[in-house]
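Next come the chains, spelled out residue by residue.
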2 protein chains.
Amino acid sequence: MKTVILIGAQGKMGQAALSGLKQHRVITASRSGDSCDFQVDITDKDSIKQLFKNVGDFDAVVNTVGHCEYAPFQTMTDDQWHTTIQSKLIGQINVVKVGIDYIKDSGSFTLISGILNVKPIPQAIADATTSGAIDTFVKCVANELPRGIRINVVNPTVLEEAWDIYGEMMPGFQPVPGQLVGKAFERSVDGFITGQVLFVDA
Amino acid sequence: MKTVILIGAQGKMGQAALSGLKQHRVITASRSGDSCDFQVDITDKDSIKQLFKNVGDFDAVVNTVGHCEYAPFQTMTDDQWHTTIQSKLIGQINVVKVGIDYIKDSGSFTLISGILNVKPIPQAIADATTSGAIDTFVKCVANELPRGIRINVVNPTVLEEAWDIYGEMMPGFQPVPGQLVGKAFERSVDGFITGQVLFVDA
């Protein structure tokens, strides 16, 4: 049994991840902190540091959050780009950078991207661009992590559980059950792979 | 003959691009403006807008600049990430966003990334991550450009002309002549392809 910190536990992606982590001791965190063990804001390095200090020993960090703004490219504002980059890209990089100082030997990080970098749709250019950045970051930074620490990223298509929200903007996409996406998180946390993009698509 | 704006004309990559644009009227620009027709700072949207206004009619924009900071992941500072993202990622996005309002129908943008997102080396995590972001951006945003405007990105390995600077940090890489990289820029500007990552590697 590993101690796993799950960031974004209350979201639909967090619940999907949770379904793959049942064998472990899962410590939950989210921005609001509601119904979670801890509060954390991944855009704030001090907040991340405080989370890891408060938890103590842990084997894995699973991050399922990264806020994206949606708009056509020509009308997306500088602020919308900035917000998306600060959360989905820099926020996740922060989790790894800060986490290296606290995670156990042979621990693992699992980040989140999303299928829109390989299946583009209207309004999602910032989501796609930062997903491409995170997929690349994970593939490359895996070579630099010390003490046997691993890193992977789950790149899922839309969840069945979120189809009522996103379905309209994603014609021709086949949603997948959260439990299948949970398997990818499980494979990252319990396997020995590193530097991998774990696509979950139908 | 097309009118092509070449940003970063005085750099080694700019000279490589220039070798592929000999059939065209090339208008040069760079941050310093030295030996160029115009001065431009791609991290500043007003500066980009002023360049396009000053040039008047043009068919293509070729950007060969994007500043990257180099350091091991664990010691790379927030400022280094910020500087790299603002130039190589946001700067290039700005060139396209502003340029759409000025470029002719069926014009083209050609951006620059670099091979380190698929062949990672130490110290280059910010370069790799932003290259992955730009490659993704180009593949996705191509679907959104109006008026038959195209976009591609050239993703080259190290240039022979820059081997004395980068060779030591890139063991096992085979540099390519700038003229070969120039062909990729030519293929982007003179072809009909769009949304492509044009790898030039040996």
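Here, every reference points to the structure presented above.
Residues numbered from 1 in each chain as written. Chains lettered and ligands numbered in written order. Predicted model: local features only at pLDDT ≥ 70, side-chain atom pairs only at ≥ 80, totals over all residues. Heavy atoms only, no water.

Q: Describe the sheet that holds strand S1 (residues 3–7) of chain A, and please don't skip the residues or the numbers.
A: Residue and element names in this part refer to chain A. Strand order in the open sheet formed by seven strands is S3-S2-S1-S4-S5-S6-S7, with parallel pairing between adjacent strands. Only two strands of the sheet have a single neighbouring strand rather than two, namely strand S3 (38–39) and strand S7 (196–200). Direction of pairing for strand S2 (residues 25–30) relative to S3: parallel, over a ladder of two bridges. Bridge pairing in S3 links Ala 29 to Phe 38. (Pairing = 2+ DSSP bridges. Helix = DSSP H or I, 4+ residues; strand = E, 2+ residues; numbered from the N terminus.)

Q: With reference to specific residues and values, describe the relation of the copies chain B and chain A.
A: Structural alignment of chain B on chain A gives an RMSD of 0.0 Å, achieved by rotating through 180 degrees and translating 0.0 Å along the axis. Each copy turns onto its partner about a two-fold axis. Of the C-alpha atoms belonging to chain B, the one lying closest to the rotation axis is found on Ala 133 of chain B, 2.1 Å away. Both copies contact each other with a shared surface, as 100% of the interface residues of chain B are interface residues in chain A too. (Least-squares fit on C-alpha atoms with pLDDT ≥ 70 in both. Contact = heavy atoms within 4.5 Å.)

Q: Go over helix H3 (residues 78–99) of chain A, please, and point to the residues and values.
A: All names here are of chain A. Between its first and last C-alpha, H3 extends 29 Å over 22 residues, near the 32 Å set by a 1.5 Å rise per residue. The largest bend along H3 reaches roughly 35 degrees and is located at Ile 90. Burial analysis of H3 places 17 of its 22 residues in the buried class, the great majority of the element. (Expected span 1.5 Å × (residues − 1). Bend = angle between axes of the 7 residues up to and from the residue. Buried < 20%, exposed > 50% of the residue type's maximum accessible area, 1.4 Å probe, protein only.)

Q: Got a sec to walk through the interface of chain B and chain A? Specific residues and values, please.
A: If you look at the interface, chain B gives 32 residues, while chain A gives 32 residues. Counting each side, the surface lost to burial between chain B and chain A is near 2700 Å², with a carbon and sulfur contribution of 69%. Considering only the surface of chain B that becomes buried against chain A, Phe 73, Gln 74 and Glu 144 of chain B emerge as the three largest contributors, covering 24% of it. Where Asp 78 of chain B meets Lys 45 of chain A, a salt bridge forms, and the shortest distance between an N and an O atom there is 2.8 Å. If you look at where chain B meets chain A, you find six residue pairs in polar contact (both at pLDDT 80 or more). Sorting the residues of the side of chain B that touches chain A by element identifies helix H3 (78–99) and helix H4 (125–141) of chain B as the ones contributing at least two each. The dominant element in the side of chain B that touches chain A, judged by the number of residues it contributes, is H4 of chain B, at nine residues. (Buried area = accessible area lost by both parts, 1.4 Å probe. Salt bridge = Lys/Arg side-chain N within 4 Å of Asp/Glu carboxyl O. Polar contact = N/O pair within 3.5 Å; in protein donor to acceptor, adjacent residues only side chain to side chain.)

Q: Could you give an account of the sheet that holds strand S6 (residues 150–156) of chain B, with specific residues and numbers?
A: Residues and elements named next belong to chain B. The sheet built from seven strands is open, its strands ordered S3-S2-S1-S4-S5-S6-S7 with parallel pairing. The open sheet terminates on both sides in strands that have one partner only, identified here as strand S3 (38–39) and strand S7 (196–200). Sheet analysis places strand S4 (residues 60–63) next to strand S5 (residues 108–112), joined by three bridges and oriented parallel. Bridge pairing links Val 62 to Thr 110 in S5. Set on the sheet, helix H1 (residues 12–19) makes contact with strand S1 (3–7), strand S2 (25–30), S4, S5 and S6; between it and S1 the angle comes to about 160 degrees. Running over the sheet, H4 touches S5, S6 and S7 and is turned about 155 degrees from S6. (Axes fitted to C-alpha atoms, helices over the stretch in contact; angles between N-to-C directions.)

Q: Pulling in residues and values, what's your account of the nonpolar core?
A: Formed by 84 residues in total, the largest nonpolar core has its most connected members in Phe 137 of chain A together with Phe 137 of chain B. When neighbours within four sequence positions are excluded, Phe 137 of chain A is seen to be in contact with Ile 93, Val 96, Leu 111 and Ile 151 of chain A together with Phe 73, Trp 81, Ile 125 and Thr 129 of chain B. (Core = buried A, V, L, I, M, F, W, Y, C linked by side-chain atoms within 4.5 Å.)

Q: Describe the packing of aromatic side chains, listing the residues and the values that go with them.
A: All names here are of chain A. Going through the model one piece at a time under the given rule, you end up with eight aromatic pairs over all chains. When the ring of Phe 52 is compared with that of Tyr 102, the centres are 6.1 Å apart and the planes differ by 40 degrees; the resulting orientation is tilted. Taken as a pair, Phe 52 in helix H2 (residues 45–55) and Tyr 102 in the loop between H3 and strand S5 (108–112) lie far apart in primary sequence, 50 residues in all. Judged by relative accessible area, which is 1%, Phe 52 ranks as buried. Looking at Tyr 102, the relative accessible area reads 26%, which means it is partly exposed. Members of the aromatic cluster, joined through ring pairs, are Phe 52, Phe 58 and Tyr 102. (Phe/Tyr/Trp six-rings, centres within 6.5 Å; stacked < 30°, edge-to-face > 60°.)

Q: Account for the side chain of Asn 155 of chain A, naming residues and giving values.
A: Residue and element names in this part refer to chain A. Secondary-structure assignment places Asn 155 in strand S6 (residues 150–156). A distance of 2.9 Å separates the side chain of Asn 155 from the side chain of Asp 135, its partner in a polar contact. Residues in contact with Asn 155, not counting those within four places in the same chain, are Ser 113, Gly 114, Ile 115, Asn 117, Asp 135, Val 197, Leu 198, Phe 199 and Val 200.

Q: How would you summarise the state of the cysteines if you had to cite specific residues and measurements?
A: Following the criterion strictly, the structure yields zero disulfides over all chains and no others. In this structure Cys 36 of chain B is a free cysteine whose sulfur lies 20 Å from that of Cys 68 of chain B, the closest cysteine sulfur available. (Disulfide = S-S within 2.5 Å.)

Q: Any chance you could break down the packing of helix H1 (residues 12–19) of chain A against helix H6 (residues 178–190) of chain A for me, citing the residues and the numbers?
A: All names here are of chain A. Contact pair H1 / H6: the axes reach a minimum separation of 6 Å and the direction vectors enclose 65 degrees. For the pair H1 and H6, the sense of crossing is right-handed. Note on element contacts: H6 touches H1 through Gly 178, Gln 179, Val 181, Gly 182 and Phe 185, opposite Met 13, Ala 16, Ala 17 and Ser 19. Grouping the constituent residues of the contact of H1 with H6 by class yields five nonpolar, four polar and no charged. (Left-handed = near helix turned anticlockwise from the far one by under 90°. Nonpolar A, V, L, I, M, F, W, Y, C, P; charged D, E, K, R; others polar.)

Q: Summarise the packing of H3 of chain B against H4 of chain B; cite the residues concerned and give the values.
A: When two helices pack together, you describe them by how their axes are tilted relative to each other and by the distance separating the axes. Residues and elements named next belong to chain B. Where H3 contacts H4, the two axes come as close as 9 Å, and the packing angle between them is 20 degrees. By the angle between their axes, H3 is roughly parallel relative to H4. The hand of the H3/H4 crossing is right-handed. Counted together, Trp 81, Thr 84, Ile 85, Lys 88, Leu 89, Gln 92, Ile 93 and Val 96 of H3 and Ile 125, Ala 126, Asp 127, Thr 129, Thr 130, Ser 131, Ala 133, Ile 134 and Phe 137 of H4 form the full contact between these two elements. Across the contact of H3 with H4, the residue classes tally to 10 nonpolar, five polar and two charged. (Parallel < 35°, antiparallel > 145°, perpendicular 65-115°, else oblique.)

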